[in-house]
Every structure is written in C-alpha cells, then in structure tokens.
Amino acid sequence: MNFRFKRLGIAFIFAALFVLAHFLIWSLFNQAYLLIEAPKVVNGFAYAGYQKGQSPLQRVFPSTAELANDLSLLKPLTNKVRIYDSLENTEVIPLAARLDMKVTAGAWLDRDLDANRRQINALKQQIKFYPNIERAIVGNEVLLRTDLSVPQLIAYLDEVRKETKLPVSTAEPWHVWLKHPELVKHVSFIAVHLLPYHEGIPIEQALDYAMYRYQELLTAYPRKKIVISEIGWPSNGPTINAAVASQVNQAKFVREFLALSTKQNFDYYLIEAFDQPWKTAIEGWGGPYWGMFDANRVQKYSLQGAVPEDTRWIIKAIWSSLIAFIPILFMAYRFNHWKLGGRLSLALLIQVSITTLVVAWNLPNEYYYSLTDFMVLIGLLVGMLMTSAVLMIYGVEFSEVMFKGKWRRNYTRLPALPKDQELFVSVHLACYNEPPEMVIATIDSLFKLDYTNFEVIVVDNNTKDEAKWKPVEAYMAKLPSHFKFFHLPSWPGFKAGALNFALTQTNPKADVVGVVDADYEVTTDWLADLVPHFMDDHVAVVQAPQAHRQWENNFFRRMCNWEFEGFFKIGMHHRHERNALIQHGTMTLVRRDALVKSGAWSEWCICEDTELGLRLLENGYELRYIDDTFGRGLTPSNFTAFKSQRFRWAFGAMQILKHHLPKLLGDSNLNFGQRYHFITGWFGWLGDALQLMFTLGSIAWTLAMLLFPRSFSLPVSIMIITIICFLFIKAALGPILYRKTMNCRWIDILGASIASLGLSHAIAKGIISGLIKKDGVFKVTAKGKASASRTRFEWIQPIKEEALLLGALFACALAMLINRGFANIDAQIWVALLSLQALPYLSAVACQIIYLKQRNKD
C-alpha cells in the first residue's frame, strides 16, 4: 500500500510540474505587445448596425434599441459616423442627432436601376429633413465592382448635387480615382478607400503605403478636399500575400494611423465600428472582422496600453492544462518503470494534442461561423481528434521502445526436451492453388526437423488444377506415414476450413498444433527449441516472427521485407509486454486442448489466426513471442498481391473488432493492457480510412472554393497547420524506431516507409469494407516470381484508383495556387495539406513502378 501511495505521489508531482511548465510556456508566448499610444478620439466610424445573426441579405434588421445602444457605445470615441444605405436602418440619422453626432449619409448603388432610383430619392429626402447630415456619398465602390459605368454614376452625382449645398461624392479605392479623372469634376470632395491589407502589403509597411497613395491623390488633384472614407485593418481573415490579419496588427495599424492623424489632421472614417458577420456571404471570411468592436459589442483592443495577441489565452491554458493533467497522471503512474525520457516524450504528445483540441474548440469564440463553416469545423475537429488518437497510440509505442530499458516479457529459445519427454506436435499446412515446387520445398524442410514426436498434415482445398496438387500428393506418398496429404475438391471456410479439417485428422496423442504457410521453409530446431514453452500450462500459443528469403537482390522485395520486419521487431514486442499478442497464421504453435476448447478456427473470419489469439486471451491463456527466426517465407510476388494481402488483414481486423467488441468493452478476462491493444491497435488502419474520406473531402472542398469563392473559404490556418504537424510527427516516429531497433540502411527505411504509405489506400478500402460488410473472401497472397503483363496498360490496373486520386490532388493544388496566387500563405498551407494527403497515392504509384523495374531486370 505504501509503495502504491509513493508511486502515485511521484506521478502526481510529475504531472503537476509538467502542466505548470505548459502554462508558463503559454504565458511566454502570449506577452502583450507594446504599441504606440493613440488618442482616445476617432474622427469618424464607418457604421453598419447589424448584430450577430442579422443580415440585409436575409432581410433581418436591427431594432431601434439596438441601433441606439451602438451609437451610445461609439459616442465616447467619436461624433461622426458614415452610413451606406438610405433605405435600411434609417433610424440611425435621428438617433445620432439625439447624441449630437454628425452623419455622412449614403445611397447604395448597384446594377438594379429601379433600386438605385429609390436609394437616390430617399437620400435626397434625408438631406432635406435631417440637419445633422454633413455630407453625402452616392455609391460605394460602384466602379470597382463594375456595377455602373462612369457616365451612369456621374448622372446620379449631378442629380444629388443639384438639390443640396452639402458636399457630395462617391467612394472608391485610390486607383479608381486616378484612373477616372473625369469623375473628380462631378464631386465636391474625393472619398477614398485606403485598405493596404487588400493589396497584400505587410503590416510594417502598411501605413506608409496608405499615406503614399493619399499623397498621390493630393498631387493629382491639389484643389480637391480628400476624405478617407475607409481606412483600417482586419483582426481575422485570410493572409493576402504578406498582409496578415490579426488583432495585434489591427491595433498596430489603427493606433499608428490615429497618432499620425493628430499631426496631419486627416478627415477619415475607420472601417469599421462593429464586426459584421453577414459580410462573409459577400466578401469571404475576411469581411466580418474590421470592427473596433466585435459582433457582441465588446471592444477588441484599447487605444492605449499593451495589446495581447490572444485575449483568451489564460482560459485556453487553464483548460488544456487541467484536461491534460489526468491522462499525464495516469501515464506517469502506469508507466513508472519507463525511463524519464519516455514519460516526458509521451506527456509532451498528450499535452500538445489536448492543447490543440482546446484551441480548436475555442475557435467559434473568435470567428463568426456560418452553417457551412461549422460543418468544416466539425469535420476538422473529428480529423484532429482521430489524428491525435493515432498519434497518441504511436506515441505510447515510440516512448516505450525508445526509452524503456529491457522488456519484462522477453522469452527466448529453451533447451530441447529429452526424446522420451517430447510433446507430440501435429504440424498443419493448408494450401490452395499454390505452385507445387514451393509447397514441396516447405514439406521438405518439415521432413528435416530435428524432432521425433510429430506428424505433418497437408490439406489442399479447392484447387481445381491437378497440375498443382497432384505433384504434392505424389511427393507426400514417398514420405513416412506420419506425413499425410488430403485433397478437398470443394470445402468451405477458406484456410480456417482446411485447418479445421486437419484437426479432425490429427493424432489423438497431439499436445500441440503447429501451423506454417505453404511458402515457409522452417529451420530444423523450430519444434525442439519452442515446444518446451508448453511445459507451462498457462501457455496456449508460442509465436515466432515471420521472416523472408530471396529479397536481398530485389529492391521491391527489400521494401516488402523491411515493411513486414518493422511490426515484428517493434509492434509485437510492444504488445507482448502486456500479453496482447497478435497471433499469426504461420510459424505459430498452439496448445491443442486450448484450441479445441476455444472453438477451433473461426471460418467466419478471414483472419482466423488473429481471431483465435484474441479468443484464447479472453479465456485467460498466455501467448508468448520468441523473436528469433525459425523459418522464412516469400514476399508477395507483386504490388497487387501486397495490396490484396493488406486489404484482407484490414477487412479481417474489422470483422474481429465488431465480433469481439462486447468483450473488449464489457465483462471478460481481458486486462486493461489487452483491451487497450486490441481496441487501439487498429487505429492506425482506421486512420488510413479516415485519410481516404478526408482526401475526398479536401478535393470536394477545393472545387467548391474555386467555383463558389463567396460561399466556401479556406479553413482557419491554425487547424490545417496543426494537422500537418501531427502528420509529420507521426511520419517521423516510424523511421526513428526502425533506426533504433533494426540493423538496416536508411535506403531500406525509406523503402519500407514508401511501401507502408503505398498500402494506405488498400487498407482504407479494407477497413471500410470490413465495417459495412459481414463476410469476406479469403484471397491467397501470390508468392514467388510474378508473370509479365499481358496487355499494354495492365500495369496501371493495380494503382488506377491511387493514380486518379493523385492526379485530382495535384490538379486541386495547382488550381488553388493559380487562383489565389503562389505567394498567398493561406493557399500555400492548404496546398501543403493536399501534398501530404497525396503522399500515400504517390507512394503506391512509386511501389508499382519499382516493382515493374525490378521485374524487368529479373
């Protein structure tokens, strides 16, 4: 008991110190920025009174009380507002008069000439009726949008000017005024928009750039008064070239401009008073965030004092620290035998993942999401959650393998039993449609076993071609009587059915059943060195690793070999530590009594070996792994066979997961570690299925952004960057573990990584099929030398889906860069994500090309 309390205390201190360090890092990266002090008076604000959830596009308008409240908020800062429409929110003018505020009235013009007439008439009436209107602006960026021609706009300007002595103008960006000097003759003043953000100017140069354009207009039209009718910077939005939208940048620009205006005496209107979420529909996701106040009427930054980058960082830091504390405490307690480096690395992954999810969860407090945006956010949150889960699972394996000392469950060969004490072993070999010379070589290796008390049962099921099974039968007939051959012309249950038949033919004296694949040539000491483990009554399975031969001089086979090798050198040890072994259908020995009592081989599952291993664990048995080579088989003959094998494993994994989920989650003999491994062990493959769905979603979203840019925008960059970083970390863990645990070259690590990525699409299809289907078809993995293509384009068949997805992702990336600009950082981030999503499909194409080149050499 005292030991447990001490262990818990150490874990608590570790977790507490770690989350405290995490909070301190938050504080270091969220120091407030010291900016220039600005006067607390603003000359004027551009004002639209729409509240959150309101929009002129939906004909949902603010109430009089809401407009009055807005103006009351602005009154301490300014005495002037600019409005854009003469028909909507008309109460603003009299409400402003009550507060002794001046109004620059506006008429909204577009392509609808009837609507324009109503706007002009209403503006003229307002000018006559309200004395607090100090000037009028007829049209806003009409020429920029090309809604009207210059003569049409001039006609409207002249009409209004004839009926009032007030100054009248129209509002356009600086370059429109320079392009149309004839327009200047028909206005009382120049109303110019100076918005360097839209021109991609970096914040450091933005104010100088705006003033340069202002001076350019002064030089071009020295006799005209210039009113800056819009100037400002957004707190959020897409990055345009070097222009970055942020709260600090918004405060910096506004403060510097206001400080300058005290010297230059500009006549200006800040764009704008309040954030306007409805503008997303017409300006994209950068449109809503130009206000000094957010849509909830909270001031986003002060005009004096330091400005924080993130006003909510303390809340985020506290929540992410508190949430992470529990899993870090659990990890530190359960894995107290790990070295400090292992616990630190896993704690770091846990904290980073949870912090990222907390930040993402808080995004709706910082952005104005439409229904479409929420759908994307939910999709990205699911993607981040799954990516984080996969990363955590890989992280547990990485931390244990990298930093753990010795394995606690580390079994090796045992001394051979005396001949008179040998346990009887029945070796079963199931084959279907296999090359006879390959099967005979396997049988020959079994004949040479240095073991006395055994038999060999070969079952050929459903092979129609006599040329394939007859030579095996003839060869077996020459061997001693304990070598038996059976041909089953029509037999159900695939490989499991054949093995169950072999069980019925097994010598009653058999204590152990051994299973080898048809291509495996075993070593003479296989039984002698491993069977002694069964002297322990708790042991039900003794598993040796799969190993391969004839791969050294063929790079495609090298790739396959090292890809397989990674699991047996890393994953099997990791699982074996908690007696959660994945049993394999070759080089495996099973206690016969346990096999029979557990229900024999499951014919409903196309991965009958792994399913049996889990069943035996549920019955309380021990499974042992001896990491030593006792036999070598052949790698898949081609990339098609490689994919087919992995598809079958993925499909079978889902069959097992669905069938055993009640015991994995509910009442059973399984301990926590076994449940953990058999639930999470397939998360990597589930991640491949998720990758496929997100790839299709990314392609669809890119097309939507290209075709409907107002309705679909790039997701928030921080989420995309996070997913990219997670994918990079996940990709790096494997090669690092390979380098530590295996004696292979970097070129082989690269080849194994390409092979693993190249199988991603096949695994994804296997996972999805296994989830929605009940029954699968057992397809034998072709081994040995592959035949040449029969047609010119047959080589593309195995990778046609991957090639199509690769082409689609490449086209989407190129189109996005062309559409948004190669220098657009948000587009670059999105293209980086598309590029990462393309890697599995590029790897599949590479695998097929490498295979073809090696086949042609052979």
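Everything that follows concerns the structure shown earlier in this document.
I will try to describe carefully the structure that is included in this document. (Residues numbered from 1 in each chain as written. Predicted model: local features only at pLDDT ≥ 70, side-chain atom pairs only at ≥ 80, totals over all residues. Heavy atoms only, no water.)

1. Side note on the overall build of the chain
Broken down by element type, the chain carries 28 helices and 18 strands. Its C-alpha radius of gyration of 36 Å places the chain more than 25% over the 29 Å reference for a compact globule of 858 residues. Oriented by its inertia axes, the alpha-carbon framework of the chain measures out at about 120 × 75 × 45 Å. Within the chain, the fraction of its 858 residues that count as buried is 57%. When contacts within the chain are restricted to residue pairs at least 6 apart in sequence, long-range pairs at least 24 apart make up 79% of them. Each charge class in the chain can be summarised by its mean position, and for the 88 positive and 76 negative side chains these summaries are 2 Å apart. (Helix = DSSP H or I, 4+ residues; strand = E, 2+ residues; numbered from the N terminus. Rg over C-alpha atoms; globule rule 2.2 N^0.38 Å. Buried < 20%, exposed > 50% of the residue type's maximum accessible area, 1.4 Å probe, protein only. Contact = heavy atoms within 4.5 Å. Lys, Arg positive; Asp, Glu negative; His and termini not counted. Charge placed at Lys NZ, Arg CZ, Asp CG, Glu CD.)

2. Digging into the nonpolar core
W601, L616, F639 and W830 are the most contacted members of the largest nonpolar core, which totals 100 residues. A per-element tally of this core places helix α28 (residues 825-857) first, with 15 residues. Residues within four places of L616 in sequence aside, it is in contact with A540, V541, Q583, V590, A594, S598, Y621 and L623. (Core = buried A, V, L, I, M, F, W, Y, C linked by side-chain atoms within 4.5 Å.)

3. Describing unusual backbone geometry
Backbone torsion omega between I271 and E272 reads -5°, so that peptide bond is classified as cis. In this fold, E272 is placed in the loop between β8 (268-270) and α10 (280-283). Look at N89: it is not a glycine, yet its phi comes out positive at around 55°. In this structure, N89 sits in the loop between β2 (80-82) and α3 (92-98). On the basis of relative accessibility, which here comes to 12%, the residue N89 falls in the buried class.

4. Examining the pattern of salt bridges
Tallying each qualifying case throughout the model produces 43 salt bridges. Where K484 meets E455, a salt bridge forms, and the shortest distance between an N and an O atom there is 3.4 Å. Within this pair, whereas K484 is found in strand β11 (residues 483-488), its partner E455 is found in strand β10 (residues 454-461), the two being separated by 29 residues in sequence. Between R745 and D748 there is a salt bridge whose closest N-O contact spans 3.5 Å. Look at R745 and you get partly exposed, because its relative accessible area is 49%. What makes D748 buried here is its relative accessible area of 2%. (Salt bridge = Lys/Arg side-chain N within 4 Å of Asp/Glu carboxyl O.)

5. Some words on helix α4 (residues 113-129)
An α-helical segment advances 3.6 residues per turn. Residues three or four places apart therefore align on the same side. With 17 residues, α4 should reach 24 Å at 1.5 Å per residue; the first-to-last C-alpha distance of 24 Å fits that figure. Restricting attention to buried positions, one finds in α4 the residues A115, N116, Q119, I120, A122, L123, K124, Q126 and I127. Those residues of α4 that are buried are in contact with α3, β3 (102-107), β4 (133-140) and α5 (150-162). A distance of 3.2 Å separates the backbone nitrogen of D114 from a side-chain oxygen at the start of α4, and that oxygen is part of D112. (Expected span 1.5 Å × (residues − 1). Polar contact = N/O pair within 3.5 Å; in protein donor to acceptor, adjacent residues only side chain to side chain.)

6. Observations concerning the packing of aromatic side chains
The tally for this structure, following the rule as stated, stands at 32 aromatic pairs. The interplanar angle of 85° and the centroid separation of 5.5 Å between the aromatic rings of F567 and F568 together place this pair among those described as edge-to-face. Residue classification places F567 among the partly exposed positions, given a relative accessible area of 30%. Three or more aromatic residues joined by ring pairs form one cluster here, namely F556, F564, F642, W649 and Y851. Between R213 and the ring centre of W174, over which it is positioned, the NZ or CZ distance is 3.7 Å. It is R343 that lies over the ring of F14; its NZ or CZ is 6.0 Å from the centre. (Phe/Tyr/Trp six-rings, centres within 6.5 Å; stacked < 30°, edge-to-face > 60°. Lys NZ or Arg CZ within 6 Å of the ring centre and 35° of its normal.)

7. Focus on helix α26 (residues 760-772)
Compared with an ideal rise of 1.5 Å per residue, which puts 13 residues at 18 Å, α26 spans 19 Å between its outermost C-alpha atoms and is within 8% of the ideal. Among the residues making up α26, those that are buried are S760, H761, A762, I763, A764, G766, I767, S769 and G770. In the core, the buried residues of α26 are packed alongside α21 (639-665), α23 (683-707), α25 (746-758), α27 (800-820) and α28.

8. Points about the sheet that holds strand β12 (residues 512-516)
Taken in spatial order, the seven strands make up an open sheet running β11-β10-β9-β12-β16-β14-β17, and their pairing is mixed. Edge positions in the open sheet fall to β11 and β17 (622-625), since each of these has one partner strand only. On average, adjacent strands in this sheet sit at an angle of 20° to one another, irrespective of strand direction. With five bridges joining them, strand β9 (residues 425-431) and β12 adopt parallel strand pairing. Following the sheet pairing, S426 is matched in β12 by V513. Each of β10 and β11 is contacted by helix α15 (residues 466-477), which is oriented at about 155° to β11, the strand it contacts most. (Pairing = 2+ DSSP bridges. Axes fitted to C-alpha atoms, helices over the stretch in contact; angles between N-to-C directions.)

9. Some remarks on the packing of helix α8 (residues 203-220) against helix α9 (residues 247-264)
Interaxial distance between α8 and α9 falls to 10 Å at its minimum, and their mutual angle equals 35°. α8 and α9 meet at a crossing whose hand is right-handed. Contacts from I203, A206, L207 and M211 in α8 reach N249, K252, F253, E256, F257 and L260 in α9. In the contact of α8 with α9, the residues fall into seven nonpolar, one polar and two charged. (Left-handed = near helix turned anticlockwise from the far one by under 90°. Nonpolar A, V, L, I, M, F, W, Y, C, P; charged D, E, K, R; others polar.)

10. Describing a nonpolar patch on the surface
On the surface, F12, I13, L17, L20 and L24 cluster together to form a nonpolar patch covering roughly 500 Å² of accessible area. Considering the arrangement of structural elements, one finds L20 in helix α1 (residues 2-29). (Patch = residues over 30% accessible without salt bridge, like charges linked within 9 Å, V, L, I, M, F, W, Y side chains within 5 Å. Areas by Shrake-Rupley, 256 points an atom, 1.4 Å probe, with all protein chains shown as cover.)

11. Section: the state of the cysteines
Counted according to the given criterion, the structure contains zero disulfides. Just so you know, C744 is unpaired, no disulfide at all, and the nearest cysteine sulfur is the one on C560, 15 Å from it. With no disulfide of its own, C847 lies 7.6 Å from the sulfur of C560, the closest cysteine sulfur. (Disulfide = S-S within 2.5 Å.)

12. Looking at the sheet that holds strand β15 (residues 548-549)
Read across the sheet, three strands follow the order β13-β18-β15 without closing on themselves; strand pairing throughout is mixed. The open sheet has two edge strands, β13 (521-522) and β15, and neither has a second partner. Where β15 and strand β18 (residues 631-634) come together, two bridges link them in parallel fashion. Paired with H548 across the bridge in β18 is G633.

13. Section: the pairing of β3
Most of β3 is tucked away: five of the six residues are buried. Sheet analysis places β2 next to β3, joined by three bridges and oriented parallel. Residue pairing across strands places V81 opposite V103, the latter belonging to β3. Note on the crossover from β2 through α3 to β3: the handedness is right-handed. Relative to β4, β3 runs parallel, the two sharing five bridges. Bridge pairing in β4 links V103 to I133. In this region the chain leaves β3, passes through α4 and returns to the parallel neighbour β4; the handedness of that crossover is right-handed. (Right-handed = clockwise from strand over helix to strand, strands pointing away.)

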